[in-house]
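Residue-level listing of the chains:
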Amino acid sequence: QVQLVESGGGLVQAGGSLRLSCAASGRTFSSSAMAWFRQAPGKEREFVAAIRWSGGNTLYTDSVKGRFTISRDNAKNTVYLQMNSLKPEDTAVYYCAAGSLLLRGPKGYDYWGQGTQVTVSS
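Everything numeric in this text was worked out from a predicted model, so none of it was measured. (Residues numbered from 1 in each chain as written. Predicted model: local features only at pLDDT ≥ 70, side-chain atom pairs only at ≥ 80, totals over all residues. Heavy atoms only, no water.)

1. Quick word on the side chain of Asp-90
Reasoning step 1: Among the structural elements, Asp-90 can be located in the loop between strand 8 (78-83) and strand 9 (92-99).
Reasoning step 2: A polar atom in the side chain of Asp-90 sits 2.7 Å from the side chain of Arg-67.
Reasoning step 3: Excluding residues within four positions of it along the chain, Asp-90 makes contact with Arg-38, Arg-67, Phe-68, Ser-85, Val-118 and Val-120. (Helix = DSSP H or I, 4+ residues; strand = E, 2+ residues; numbered from the N terminus. Polar contact = N/O pair within 3.5 Å; in protein donor to acceptor, adjacent residues only side chain to side chain. Contact = heavy atoms within 4.5 Å.)

2. What to know about the environment of Phe-47
Reasoning step 1: In this fold, Phe-47 is placed in strand 5 (residues 46-52).
Reasoning step 2: Taking the C-alpha atoms as reference points, Phe-47 and Gln-3, separated by 44 residues in sequence, lie 19 Å from one another.
Reasoning step 3: The contacts of Phe-47, once residues within four sequence positions are left out, are Ala-35, Trp-36, Phe-37, Leu-59, Tyr-60, Thr-61, Leu-103, Arg-104 and Tyr-109.

3. Quick word on the packing of aromatic side chains
Reasoning step 1: For the structure on display, the rule yields four aromatic pairs.
Reasoning step 2: Summarising the aromatic geometry, the rings of Phe-37 and Tyr-109 are spaced 5.3 Å apart at their centres and angled 75 degrees between planes, so their arrangement reads as edge-to-face. In this pair, Phe-37 sits in strand 4 (residues 33-39) while Tyr-109 sits in strand 10 (residues 109-112), placing the two residues 72 residues apart along the sequence. The same class applies to Phe-37 as to Tyr-109, namely buried.
Reasoning step 3: Here the aromatic rings of Tyr-109 and Trp-112 are separated by 6.5 Å at their centres, their planes lie at 75 degrees, and the arrangement is edge-to-face.
Reasoning step 4: Three or more aromatic residues joined by ring pairs make a cluster, and in this case those are Phe-37, Phe-47, Tyr-109 and Trp-112.
Reasoning step 5: It is Arg-19 that lies over the ring of Tyr-80; its NZ or CZ is 4.2 Å from the centre.
Reasoning step 6: Here the guanidinium or amino end of Arg-45 rests over the ring plane of Trp-112, the centre of that ring lying 5.0 Å away. (Phe/Tyr/Trp six-rings, centres within 6.5 Å; stacked < 30°, edge-to-face > 60°. Buried < 20%, exposed > 50% of the residue type's maximum accessible area, 1.4 Å probe, protein only. Lys NZ or Arg CZ within 6 Å of the ring centre and 35° of its normal.)

4. Some words on the state of the cysteines
Reasoning step 1: For the coordinates displayed, the defined rule picks out one disulfide.
Reasoning step 2: In this model, Cys-22 is linked to Cys-96 through a disulfide, with the two sulfur atoms separated by 2.0 Å. Here the S-S torsion is close to -80 degrees, and the disulfide linking Cys-22 with Cys-96 is therefore left-handed. Remark: Cys-96 occurs in strand 9 and Cys-22 occurs in strand 3 (residues 18-26); sequence separation between them is 74 residues. Each member of the pair, Cys-22 as well as Cys-96, carries the same accessibility label: buried. (Disulfide = S-S within 2.5 Å.)

Laid out in structure tokens, this is it:
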């Protein structure tokens, strides 16, 4: 099994930055892809970004390209999401997920963290 714990959420003004962390433990080798999703009130959970534990491939949803950066620290089994130029529409609960493939759909991921709240004020 894989356990994921998110941290780093909080309240920030529009234009500010936050860095989310996802600490993975357990059978991390069984999940080659790590991703961030978010869910805003009244909306479905949506893909944000994904990265593999090895290699350089990354994926981003269009709305965060150029503003968010996903990265990893293999030695710490941790994935990060650097969020810059935050907008109020980025407000959501952000979830870390682990899966076998670098996909955009939530059904493609097997393990999920508890989520961390990100609130961007105007």
